[in-house]
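Structural overview for review
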Amino acid sequence: MRILVTGLGTFWGGRVAQALEARDDVEIVIGVDTHEPRMPLERTEFVQTDSSFSILDRIVEATQVDTILHTHLVVDSTQMSGRALHEINVIGTMNLLAAASRPGSPVRRMVVKSSALVYGMSNSDPYVFREDMVRPRTPPTGVERSLVEIEAFLHDFAQDNPHVTVTLLRFANVLGDDVETPISKALRLPVVPEVFGFDPRLQFVHEDDVVGALMYATTDEVPGIYNVAGDGCLPWSEVCTIIGKRRVGLPPLFTNWAAEPLKLLRLVDLPPETLALLRYGRCIDNSRYKRVGFHYEYTTSGTVETFAQGLRLGRSVGETHPTYRYRREVEDFFRHSPAVIRPVPEMAAPLPGTPGATIRGGPPRGTE
Amino acid sequence: MAQRSGTPPPSEPAGDAAPTGDAAPTVLGVAEPPTAESLPAPSRALVPVPAEAAPVAAPEPYAGHRRSDVDGWGRSEHMRGILRRVYDPVYKYWFRAEVEGLEHLPAEGGALLVSNHAGAVPSDAPVIMHAIETETGRAVYGLAENLFRAMPVVGTLWSRVGGVAANPDNAYRLLHDQDQLVLVFPEGTKGTGKHYSQRYQLRRFGRGGFVEIAMRSGVPVVPVAVVGSEEAMPIIWKSPRLAKLLGIPYLPVTANMLVFGPLGVVAPFPAKFRVRVLEPVTFGVPPDQERYSRSQVMEASESIRTRIQVALYEMLRDRRSPWFG
């Protein structure tokens, strides 16, 4: 497989590229992003682009990738301005789909990481969302609108290109030791915010299951839309009990205004969509992805418990994030310099039906 | 598409992608103990994964420990138990509730209980739920206005004791997937918001959506007639204009407010409650259809409404006093 990963500089892009590198049937991994990778990578080729991926069609044509893994969608609106988010999510995806659907395009598989945000959260919504449910109203926030828009593009793309397997994964809120989300930031605070008088049911997916789900869609043929979330849902109060933290209530009326000064003071980071989630909650039906053979490592409560363990470890030993800085010269040296002796790949006979699929250059392997 | 570069397991024909999908059960099944070579699952690329291909012996996902018994609907049996203990004296000594026809309730499997609805703050829902839960031991989920979900504190407590927002998909999930008893008042706020002079006159049963849900879920409808809720909190005056201004379905002045003062907003009169569970109604249509005949739905809805209305008149004929039964 020749794979293009968009958003290599994001947490998910990096994690997925690491997982792809470890597989022998993945021939090359190319990553594009606006900024440099934050995780050490062995053989992934990194190309820096502008935020709307305008050179993607050249990359696709030059590298003849057969699989595109689109992990670049921004689902956390606190990361950037609404305009930048629109540029990356909507325009970036448009360019990506345009590049993949040009005549003679080599792309045969497209995996997109979306979010359960597309379903929304209001008091008139069902308690559990299935993949086929359509949101009856226009979403109130920009990030939700952009995701809904992208899914519509993707739907058109899948119809126009029946030879491409399109997989759209909608993830529940992610928790894990390494990933930062508004919810995980809230749970790291000394006292956890809640909307007074509300105790919503929330569902989480572990970061390892996110990578697993993306890998499963990349390596197995699973066309369609799938929800990805751990089994079960928990009330917010119970999440806080498992973490071992007290809660403090935000006023139920004018919650966004009340949260504003706290945001300015950088005490909390609660965008409107997260506040709506803390009011009404959201659960998604994860059975469809299980039916096509995906296996989860964690349930929702298992995810929260693992997160709590990570927090306790952090309290004892401090932050343990390894620092890595991408330096192009160093990476280029190890990948391309003739001075570097790379392990010779086992000379497996070229498989029939895949002419020219010899592994060029011999990627270094097994040095994890 | 590149294959695994290692030596393929002997059972797997090299190079051809098609049979590898079938290879998964062999690898994971009991027939052949997995060797170190065959442990990593072979790539099943380009082969649609059949539903049976799910790894059978896969380990259970890490589940952690639950710290509460709140279920997927927000209901907590613990909280419900506390409420049952608190409500029992009200049920027994204030309303002196009596229930008949419980044998019509299915012992297992889902059923949609459909009842008449009355009183500004209706007492019929808690009485029916309490009666069924204490007598049969089965949980009852009560469907109600989405508005409840938007109320701080009240909405949370309401969902802890078995309240669920009345969304067709919620009802389907409860009835079809989880075989639960679900209580619904098809009159909705039109029933509770009516003037005392119209007591025991059933309003329109919505658009028959409850029948469609029961058909789709493949469960019977069990009609329930309740007498007493009209007198427990009669509406003597209401202001549609103010209600519209506040964005609520109705804003009543009840007799309770005149007697009890502000406490009257929540305190019902000690009317005698009688609950009659009627014979279940089945529809003889296959479940999970895309849509159901509108005429059949409306007909069934109307016949259920008539049965409840007839039962109400019957019960009222036998009633000597609203307070002593």
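Residues numbered from 1 in each chain as written. Chains lettered and ligands numbered in written order. Predicted model: local features only at pLDDT ≥ 70, side-chain atom pairs only at ≥ 80, totals over all residues. Heavy atoms only, no water.

1. Comments concerning the overall build of chain B
What counts is decided by this rule: Under the scheme used here, helices are H or I runs from DSSP no shorter than 4 residues and strands are E runs no shorter than 2 residues, and both carry numbers assigned from the N terminus. Contacts are assigned to residue pairs that have any heavy atoms within 4.5 Å of one another. For the area figures, the Shrake-Rupley method with a 1.4 Å probe applies, and any residue is considered shielded solely by the protein chains shown.
A tally of regular secondary structure across chain B gives 11 helices and 9 strands. Contacts spanning at least 24 positions in sequence make up 76% of the contacts within chain B whose residues lie at least 6 apart. Counting only carbon and sulfur atoms, one obtains 60% of the accessible surface of chain B, whose full area is about 16100 Å².

2. A short note on helix α5 (residues 168-177) of chain B
Threshold: Think of it in three bands: residues with accessible area under 20% of the maximum for their type are buried, residues over 50% are exposed, and the middle band is partly exposed, with areas taken using a 1.4 Å probe on protein chains only. Polar contact is the term for a pair of N or O atoms within 3.5 Å; when the atoms are in protein, one must be able to donate a hydrogen and the other to accept it, and sequence-neighboring residues count only if both atoms are side-chain atoms.
With 7 of 10 residues buried, α5 of chain B is to be regarded as a mostly interior element. Within the span of α5 of chain B, buried status applies to D169, N170, A171, Y172, R173, L174 and L175 of chain B. Contact partners of the buried residues in α5 of chain B: β6 (128-129) of chain A together with β2 (111-115), β3 (140-144), β4 (163-165), β5 (181-184) and α7 (209-217) of chain B. The opening residue of α5 of chain B is N167 of chain B, an N-cap whose side-chain oxygen sits 2.9 Å from the backbone nitrogen of D169 of chain B. One or two steps after α5 of chain B, the chain reaches D179 of chain B, where phi turns positive at roughly 50°.

3. A short note on a negative patch on the surface
Residue and element names in this part refer to chain B. Spelled out, the test is: Excluding any residue in a salt bridge, patches collect residues exceeding 30% relative accessible area, merging like charges within 9 Å and nonpolar Val, Leu, Ile, Met, Phe, Trp and Tyr side chains within 5 Å. Definition used for salt bridges: Asp or Glu carboxyl oxygen within 4 Å of a side-chain nitrogen of Lys or Arg. As used throughout, the charge tally considers Lys and Arg to be positive and Asp and Glu to be negative, leaving His and the chain termini uncounted. The location of each charge is read from NZ of Lys, CZ of Arg, CG of Asp or CD of Glu.
A surface patch of like charges, here negative, comprises E108, D177, D179 and D288. Relative to the helices and strands, D177 is located in helix α5. By relative accessible area, D177 is classed as partly exposed at 43%.

4. Details of the sheet that holds strand β1 (residues 98-100) of chain B
Residues and elements named next belong to chain B. Operational definition: Note on pairing: two strands pair once DSSP finds at least 2 bridges between them. As a rule, the C-alpha atoms of each element are fitted with a line to give its axis, helices using only the stretch in contact, and angles between N-to-C directions run from 0 to 180 degrees.
Pairing is mixed across the open sheet formed by 7 strands, whose spatial order is β1-β9-β6-β2-β5-β3-β4. Because the sheet does not close on itself, it has two edges, and the strands there are β1 and β4. Pairwise comparison of adjacent strand axes, ignoring direction, gives a mean angle of 25° for this sheet. In this sheet, strand β9 (residues 274-277) lies alongside strand β6 (residues 221-227) in antiparallel orientation, the contact comprising 4 bridges. Residue pairing in the sheet places V224 in a bridge with V277 of β9. Contacts from α7 reach β2, β5 and β6 within the one sheet, and its direction differs from that of β2 by about 165°.

5. Let's talk about unusual backbone geometry
Its identity is not glycine, yet Q64 of chain A carries a phi of approximately 50°, on the positive side. The class for Q64 of chain A is partly exposed, based on a relative accessible area of 39%. The phi angle at D179 of chain B is positive, at roughly 50°, despite the residue not being glycine. With respect to the helices, strands and loops of the structure, D179 of chain B is situated in the loop between α5 and β5. The partly exposed category is assigned to D179 of chain B, whose relative accessible area is 42%.

6. Examining the pairing of β5 of chain B
Residue and element names in this part refer to chain B. Neither face of β5 is exposed, since L181 and L183 on one face and V182 and V184 on the opposite face are all buried. For β2 and β5, the ladder comprises 4 bridges, and the chain directions are parallel. Within β5, the residue paired with A111 across the bridge is L181. As judged from the 3 bridges shared by β3 and β5, these two strands associate in the parallel manner. Note that in β5 the partner of Y141 across the bridge is V182.

7. Some remarks on the pairing of strand β7 (residues 165-171) of chain A
Counting buried positions along β7 of chain A gives 7 out of 7 residues, so the element sits mostly inside the fold. Taking every second residue as pointing to the same face, both faces of β7 of chain A are buried, with T165, T167, L169 and F171 of chain A on one and V166, L168 and R170 of chain A on the other.

8. Section: the packing of helix α2 (residues 77-94) of chain B against helix α3 (residues 124-136) of chain B
Residues and elements named next belong to chain B. Condition: Roughly parallel here means an angle under 35 degrees, roughly antiparallel means over 145, roughly perpendicular means 65 to 115, and every remaining angle is called oblique.
Interaxial distance between α2 and α3 falls to 11 Å at its minimum, and their mutual angle equals 110°. With respect to each other, α2 and α3 are oriented roughly perpendicular. Residues R80, R84, Y87, D88 and Y91 of α2 touch α3, and the partners they reach there are P126, V127, M129, H130, A131, E133 and T134.

9. Concerning the packing of helix α8 (residues 255-264) of chain A against helix α9 (residues 272-280) of chain A
Residues and elements named next belong to chain A. Quick note on the threshold: Crossing handedness follows the turn of the near helix against the far one: under a right angle anticlockwise gives a left-handed crossing, and clockwise gives a right-handed one. Under this grouping Gly is polar, as are all residues other than the nonpolar Ala, Val, Leu, Ile, Met, Phe, Trp, Tyr, Cys and Pro and the charged Asp, Glu, Lys and Arg.
Contact pair α8 / α9: the axes reach a minimum separation of 11 Å and the direction vectors enclose 125°. The angle between the axes of α8 and α9 places the two elements in the oblique class. The two elements α8 and α9 meet at a crossing, and its hand is right-handed. Contacts from T255, N256 and A259 in α8 reach P272, L275 and R279 in α9. Of the residues assigned to the contact of α8 with α9, the class counts are 3 nonpolar, 2 polar and 1 charged.

10. Details of the environment of A22 of chain A
As for its placement among the helices and strands, A22 of chain A is situated in the loop between α1 (11-21) and β2 (28-33). A sequence separation of 295 residues divides A22 of chain A from V317 of chain A, and the C-alpha atoms of the two residues are 30 Å apart.

11. Notes on α9 of chain A
All names here are of chain A. Within α9, 7 of the 9 residues are buried, which leaves it mostly tucked inside the rest of the structure. Along α9, the positions that sit buried rather than exposed are E273, T274, L275, L277, L278, R279 and Y280. In the stretch just after α9, G281 is the one whose phi turns positive, near 70°.

12. Comments concerning the nonpolar core
This is how it is decided: Among the buried residues, those of types Ala, Val, Leu, Ile, Met, Phe, Trp, Tyr and Cys that are joined through side-chain atoms within 4.5 Å form a nonpolar core.
Counting 101 residues, the largest nonpolar core has M110, L169, L187, W236 and Y289 of chain A as its most contacted members. At 7 residues, the largest contribution of residues to this core is made by helix α6 (residues 207-219) of chain A. When near neighbours in sequence (up to four residues on either side) are disregarded, Y289 of chain A contacts L169, A213, Y216, A217, V222, Y226, N227, V228, F294 and Y296 of chain A. Within the second largest apolar cluster, 42 residues are counted, among which are Y127 and C233 of chain A together with A139 and L278 of chain B.

13. Section: the side chain of E331 of chain A
Considering the arrangement of structural elements, one finds E331 of chain A in helix α12 (residues 328-336). Beyond its immediate sequence surroundings of up to four residues, E331 of chain A is in contact with L41, Y324 and Y326 of chain A.

14. Observations concerning the confidence of the model for chain A
The criterion, for reference: The pLDDT score gives, residue by residue, the confidence of the prediction method on a 0 to 100 scale.
Residue-level pLDDT values for chain A average 87, and 92% of them are 70 or greater. Across residues 347-368 of chain A, confidence stays below pLDDT 50; counting only partners more than four residues off in sequence or on other chains, it has 26 contacts.

15. Some remarks on a nonpolar patch on the surface
Residues and elements named next belong to chain B. Taken together, W94, I236, W237, L258, V259, F260, L263, V265 and V266 make up a surface patch of nonpolar side chains, about 890 Å² in accessible area. Sorting the residues of the nonpolar patch by element identifies β7 (235-238) and α10 (255-260) as the ones contributing at least two each. The element contributing the most residues to the nonpolar patch is α10, with 3 residues. Following the sequence through the fold, L263 ends up in the loop between α10 and β9. Using a relative accessible area of 53% as the deciding quantity, one classes L263 as exposed.

16. Focus on the sheet that holds strand β12 (residues 224-228) of chain A
Residue and element names in this part refer to chain A. Taken together, 7 strands build an open sheet; the order of strands is β3-β2-β1-β4-β5-β7-β12 and the sheet is parallel. A single partner strand is all that each edge strand has here, and the edge strands are β3 (45-48) and β12. The mean inter-strand angle of the sheet, taken between neighbouring strand axes irrespective of direction, is 20°. Note that strand β4 (residues 67-70) and strand β5 (residues 109-115) share 4 bridges and pair parallel. Residue pairing in the sheet places H70 in a bridge with V112 of β5. Strands β1 (2-6), β2, β3 and β4 of the sheet are contacted by helix α2 (residues 56-63), whose axis makes an angle of about 170° with β2.

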